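Report on the structure
If you want the building blocks of each chain, they are given just below.
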Amino acid sequence: MKVSVLASGSTGNATYIETPHHQVLIDAGLSGKKIEELMNSIGKTLADVDSLFVSHEHTDHSKGVGVLARRYGMDIYANEATWNAMSSKIGKIDVAQKHIFKANSVLSLGDLDIESFSVSHDAADPQFYEFHHNGHSFAIVTDTGYVSERVEGVIKNAEAYLLECNHDTEMLRMGPYPWQLKQRIMSDTGHLSNEDGARVMMDVLGNHTKQIFLGHLSKENNIKELAHLTVENMMKDKDFAVEHDFHLLDTSPNHASELIVL
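The notes below deal with the structure included here. Each chain carries its own residue numbering, running from 1 in the written order of its sequence. Only residues with pLDDT of at least 70 get local features here, since the model is predicted, and only at 80 or more are side-chain atom pairs given and counted; chain-wide, interface and lining totals rely on the full set of residues. With hydrogens and water stripped out, all remaining heavy atoms of the structure feed into the side-chain values.

Considerations on the pattern of salt bridges
In the sections that follow, a salt bridge refers to a side-chain nitrogen of Lys or Arg positioned within 4 Å of a carboxyl oxygen of Asp or Glu. Summed over the entire model, instances satisfying the criterion amount to 4 salt bridges. Glu-232 is the salt-bridge partner of Lys-236, the closest N and O atoms lying 3.0 Å from each other. Taken as a pair, Lys-236 and Glu-232 lie in helix H9 (residues 224-237) at a separation of 4 residues, close to a single helical turn. For helices the rule is a DSSP run of H or I covering at least 4 residues; for strands it is a run of E covering at least 2, with both sets numbered from the N terminus onward.

Topic: the sheet that holds strand E10 (residues 136-141)
Within a sheet, adjacent strands bond to each other through the backbone by hydrogen bonds, running parallel or antiparallel. Paired strands are those between which DSSP finds at least two bridges. Ordered in space as E7-E8-E9-E10-E11-E12-E13, the 7 strands form an open sheet in which the pairing is mixed. Every other strand in the sheet has two partners, leaving strand E7 (106-109) and strand E13 (247-250) as the edge strands with one partner each. Recorded for the sheet is a direction-independent mean angle of 20° between the axes of neighbouring strands. For this analysis, residues touch if any pair of their heavy atoms sits within 4.5 Å. An axis is simply a line fitted to the C-alpha atoms; with a helix, the fit covers only the stretch in contact. Between two such axes, the angle follows the N-to-C directions and lies from 0 to 180 degrees. Helix H8 (residues 194-204) rests against strand E11 (160-164), strand E12 (211-215) and E13 of the sheet, and its axis sits at about 150° to E11. Contacts from H9 reach E12 and E13, with the element oriented near 165° to E13.

Some remarks on helix H1 (residues 32-41)
Relative accessibility under 20% of the residue-type maximum defines a buried residue, over 50% an exposed one, and the middle range a partly exposed one, all with a 1.4 Å probe and only protein chains included. Looking only at H1, the buried set comprises Gly-32, Ile-35, Glu-36, Leu-38 and Met-39. On an axial view of H1, the arc spanned by its buried residues comes to 160°, and they lie on one face. Residues of H1 that are exposed and point over 90 degrees away from its buried face: Lys-33 and Ser-41. Packed against the buried residues of H1 are strand E1 (2-7), strand E2 (14-18), strand E3 (23-26) and helix H3 (65-72). Where H1 ends, the next residue or the one after it, Gly-43, has phi of about 80°, a positive value. By arc we mean the arc of the directions from the helix axis to the C-beta atoms, nothing more.

Examining the packing of H8 against H9
Relative orientation of the contacting elements H8 and H9 amounts to 40°, with a least axis distance of 9 Å. Of the possible angle classes, the one that applies to H8 and H9 is oblique. Note that H8 runs across H9; the crossing there is right-handed. Residue-level contacts link Asn-194, Glu-195, Ala-198, Arg-199, Met-201 and Met-202 of H8 to Leu-226, Ala-227, Thr-230, Val-231, Met-234 and Met-235 of H9. Here roughly perpendicular refers to angles of 65 to 115 degrees, roughly parallel to angles under 35, roughly antiparallel to angles over 145, and oblique to all remaining angles. Left-handed describes a crossing whose near helix is turned anticlockwise from the far helix through less than a right angle; right-handed describes the clockwise counterpart.

Points about the packing of H1 against H3
Between H1 and H3, the shortest axis-to-axis distance is 9 Å and the interhelical angle comes to 70°. Overall, the two elements H1 and H3 adopt an arrangement that is roughly perpendicular. Each of Gly-32, Lys-33, Ile-35 and Glu-36 in H1 lies in contact with H3, whose residues at this interface are Val-67, Leu-68, Arg-71 and Tyr-72. Of the residues that constitute the contact of H1 with H3, the class distribution is 4 nonpolar, 1 polar and 3 charged. Gly falls in the polar group here, along with every residue not listed as nonpolar (Ala, Val, Leu, Ile, Met, Phe, Trp, Tyr, Cys, Pro) or charged (Asp, Glu, Lys, Arg).

Let's talk about the sheet that holds E3
If you walk across this open sheet you meet the 7 strands as E6-E5-E4-E3-E2-E1-E14, and the pairing is mixed. Each of the sheet's edge strands pairs with one partner strand only, and the pair in question is strand E6 (98-100) and strand E14 (260-261). Here 3 bridges tie E3 to strand E4 (residues 51-53), and the two strands are oriented parallel to one another. What sits directly across from Val-24, in E4, is Ser-51.

Quick word on the side chain of His-61
With respect to the helices, strands and loops of the structure, His-61 is situated in helix H2 (residues 59-62). Residue classification places His-61 among the buried positions, given a relative accessible area of 1%. Think of a polar contact as two N or O atoms within 3.5 Å of one another; within protein, one of them needs to be a possible hydrogen donor and the other a possible acceptor, and neighboring residues in sequence only count if both atoms come from side chains. A distance of 3.4 Å separates the side chain of His-61 from the side chain of His-216, its partner in a polar contact. In this structure His-61 touches Asn-13, Asp-27, Ala-28, Gly-29, Val-54, Ser-55, His-56, Phe-128, Thr-142, Asp-143 and His-216, once residues within four positions along its chain are discounted.

So, the nonpolar core
Buried together is how nonpolar side chains tend to be arranged in soluble globular proteins. Here the nonpolar core consists of buried residues drawn from Ala, Val, Leu, Ile, Met, Phe, Trp, Tyr and Cys, with membership extended through side-chain atoms lying within 4.5 Å. Residues Phe-131 and Phe-138 are the most contacted members of the largest nonpolar core, which totals 50 residues. Ranked by the residues each element gives to this core, the list is headed by H8, at 5 residues. Sequence-distant contacts of Phe-138, that is, excluding residues within four places in its chain, are made with Met-1, Val-3, Thr-15, Ile-17, Tyr-129, Glu-130, Phe-131, Ala-160, Tyr-161, Leu-162, Phe-213 and Leu-262. By size, the runner-up hydrophobic cluster in this structure holds 26 residues, among which are Ala-7, Leu-52, Trp-83 and Ile-93.

A short note on unusual backbone geometry
Positive phi values are uncommon outside glycine, yet His-216 reaches one of about 55°. Positioned with a positive phi, Glu-243 is a non-glycine residue whose angle comes to about 65°. Residue placement: Glu-243 occurs in the loop between H9 and E13. Glu-243 sits in the partly exposed class, given a relative accessible area of 38%.

Next comes the structure, spelled out in structure tokens:
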């Protein structure tokens, strides 16, 4: 299984996963043109993508869904509430391409098994995914105010993660956002802070874990270096062997990560 975080941040999100028989995207929160550019930068093309899994209807995750569906004919998977919430935003999609993927269930696509799980976010019915192939696993958890014990159980000891480090709490508190928006972000249906993300990582990683992408950083309320240092220091303080047993990897809203092999 190969993985690249094409884009991650408050301005747009998309992740690419490849197995010998499938090439899939998780979310399409940028323009079709930009996603194709990001794919090309890792030596891939959207023309070969067969499936797109949508986590929720917010624009930074669904902006390009309609365009990709119509231009490339790929199958689109989302739960029913997400379909209802995003349908007016993404335009017409052929009914044959639309698939209901219920939360907290497992879908098998040949050599790729996908497990969906509900998260706590202010969307219609947000869910994220863990992907399994030939003993390897990759879990994505962003856009959630907290991570429940149930979700931790689902994603525990994955080989790789994309986990949210949305904001630095002090930057958010002192920043320009209205207080109501700050409260939303810090709530149980908002986003994980750098510290929250680090705590989740320490709860779920195991002996199989090799790579952790720090994702969905806020453009206004975080800095890549700060997020990385906060997580690294918190984990080292608890005697986790960062950069020895596993690696912390940064993500970007504009540039794809290297295509890694699990």
